[in-house]
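Tertiary structure, described
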Amino acid sequence: MPLTTQGFGDLEDDLAGMAAAITDGTGVDRALQAGAAPIEARMRQNATSDPRVISGDLRDSIHTGPVRRRRNGGKRITVGVHTKEKGAFYANPLEFGHGGPAPAPAHPFVRPAFDTTADEAYTEIKRVLRDELK
C-alpha cells in the first residue's frame, strides 16, 4: 500500500523561520527580561522588609542588567546589586553577614528572592517564548 506525504517542506521552513526569529531577533532578550522581573521585584521587597529601611539605597541599587552574549554561546542576564550603584558597597555584608569588631548576622535578600520566584520566572520565560513563536 503506497503512502504519500505532503507539507514537510513547508513545516521545515516554518520551524527554521521560528528558530531564526527567536535567536536572531530579540525574542530571547524579551524572555530573559520577563523572567528577571519577578526576581527583581522580590529582591526589592526583601531588601525593604529585612532589615528595616534606613536610606533606601540598597533597594534603589537593585536592577536588572542588560542581556549579554556569553563567550561559549547563549545569553545571560543579571539581577541584583551592580557594584557601581549607590548603596552597593554594603550589599554583600548584608547578604552573608560579617565578622570584625561588631559582627553582624546575615540578612539574605538575594537568594530567598530567587528561591521563591524561580518557578514564576520560568513560567514568564515560557510565556514570552510561546508568544514569540506565534
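Everything here concerns the structure above.
This report concerns the structure included in the present document. (Residues numbered from 1 in each chain as written. Predicted model: local features only at pLDDT ≥ 70, side-chain atom pairs only at ≥ 80, totals over all residues. Heavy atoms only, no water.)

Describing the nonpolar core
If you look at soluble globular proteins, the nonpolar side chains tend to sit buried side by side. If you look at the biggest cluster of nonpolar residues, it comprises 10 residues: Ile 39, Met 43, Ala 47, Leu 58, Ile 62, Ala 91, Leu 94, Phe 109, Ala 113 and Ala 121. Counting only elements with at least two residues in this core, the list comes to helix 2 (27–49), helix 4 (91–96) and helix 5 (111–133). Ranked by residue count, the leading element in this core is helix 2, at 3 residues. (Core = buried A, V, L, I, M, F, W, Y, C linked by side-chain atoms within 4.5 Å. Buried < 20%, exposed > 50% of the residue type's maximum accessible area, 1.4 Å probe, protein only. Helix = DSSP H or I, 4+ residues; strand = E, 2+ residues; numbered from the N terminus.)

Here's the deal with the layout of surface pockets
For the largest pocket, the calculated volume is near 250 Å³. Along its surface, the largest pocket is lined by 15 residues, and Ala 36, Ile 39, Ile 77, Val 79 and Phe 114 are the ones closest to its centre. In terms of residue class, the lining of the largest pocket is made up of 12 nonpolar, 2 polar and 1 charged. (1 Å grid on protein atoms, 1.4 Å probe; cavity = no way out; pocket = protein on both sides within 12 Å on 5 of 7 lines; lining within 4 Å. Points joined across faces, edges and corners; volume = space filled by probe spheres on them. Nonpolar A, V, L, I, M, F, W, Y, C, P; charged D, E, K, R; others polar.)

Here we look at the pattern of salt bridges
Under the criterion given, the structure shown has 6 salt bridges. Where Asp 29 meets Lys 75, a salt bridge forms, and the shortest distance between an N and an O atom there is 2.8 Å. A residue pair is termed long-range when its members are at least 10 positions apart, and Asp 29 in helix 2 and Lys 75 in strand 3 (residues 75–76) qualify at 46 residues. According to the relative accessible area criterion, Asp 29 is buried, its value standing at 19%. (Salt bridge = Lys/Arg side-chain N within 4 Å of Asp/Glu carboxyl O.)

Focus: a positive patch on the surface
On the surface, a cluster of positive charge is contributed by Arg 68, Arg 70, Arg 71 and Arg 76. Looking at where Arg 71 falls in the secondary structure, it is placed in the loop between strand 2 (68–69) and strand 3. By relative accessible area, Arg 71 is classed as exposed at 91%. (Patch = residues over 30% accessible without salt bridge, like charges linked within 9 Å, V, L, I, M, F, W, Y side chains within 5 Å. Areas by Shrake-Rupley, 256 points an atom, 1.4 Å probe, with all protein chains shown as cover. Lys, Arg positive; Asp, Glu negative; His and termini not counted. Charge placed at Lys NZ, Arg CZ, Asp CG, Glu CD.)

Regarding the environment of Gly 97
When you line up the elements, Gly 97 lands in the loop between helix 4 and helix 5. Residue Gly 97 is classed as buried on the basis of its relative accessible area of 17%. Along the primary structure Gly 97 and Pro 108 are separated by 11 residues, whereas in three dimensions their C-alpha atoms are 8.4 Å apart. The contact partners of Gly 97, leaving out residues within four places of it in the chain, are Asn 92, Ala 104, Pro 105 and Ala 106. (Contact = heavy atoms within 4.5 Å.)

Observations regarding the side chain of Ser 61
With respect to the helices and strands, the residue Ser 61 is situated in the loop between helix 3 (57–60) and strand 1 (62–64). Polar contacts involving the side chain of Ser 61 include one to the main-chain carbonyl oxygen of Leu 58, which spans 2.8 Å. (Polar contact = N/O pair within 3.5 Å; in protein donor to acceptor, adjacent residues only side chain to side chain.)

Concerning a nonpolar patch on the surface
Residues Phe 8, Leu 11 and Leu 15 make up a contiguous nonpolar surface patch of roughly 310 Å² in combined accessible area. Overall, the relative accessible area of 44% leaves Leu 11 in the partly exposed class.

Focus: helix 5
With 23 residues, helix 5 ought to run about 33 Å at 1.5 Å a step, and its terminal C-alpha atoms sit 32 Å apart, in line with that. Of all bends in helix 5, the biggest is about 55 degrees, found at Thr 117. Listed in full, the buried residues belonging to helix 5 are Ala 113, Thr 117, Ala 121 and Val 128. (Expected span 1.5 Å × (residues − 1). Bend = angle between axes of the 7 residues up to and from the residue.)

Worth remembering: the numbers are spatial, not functional.
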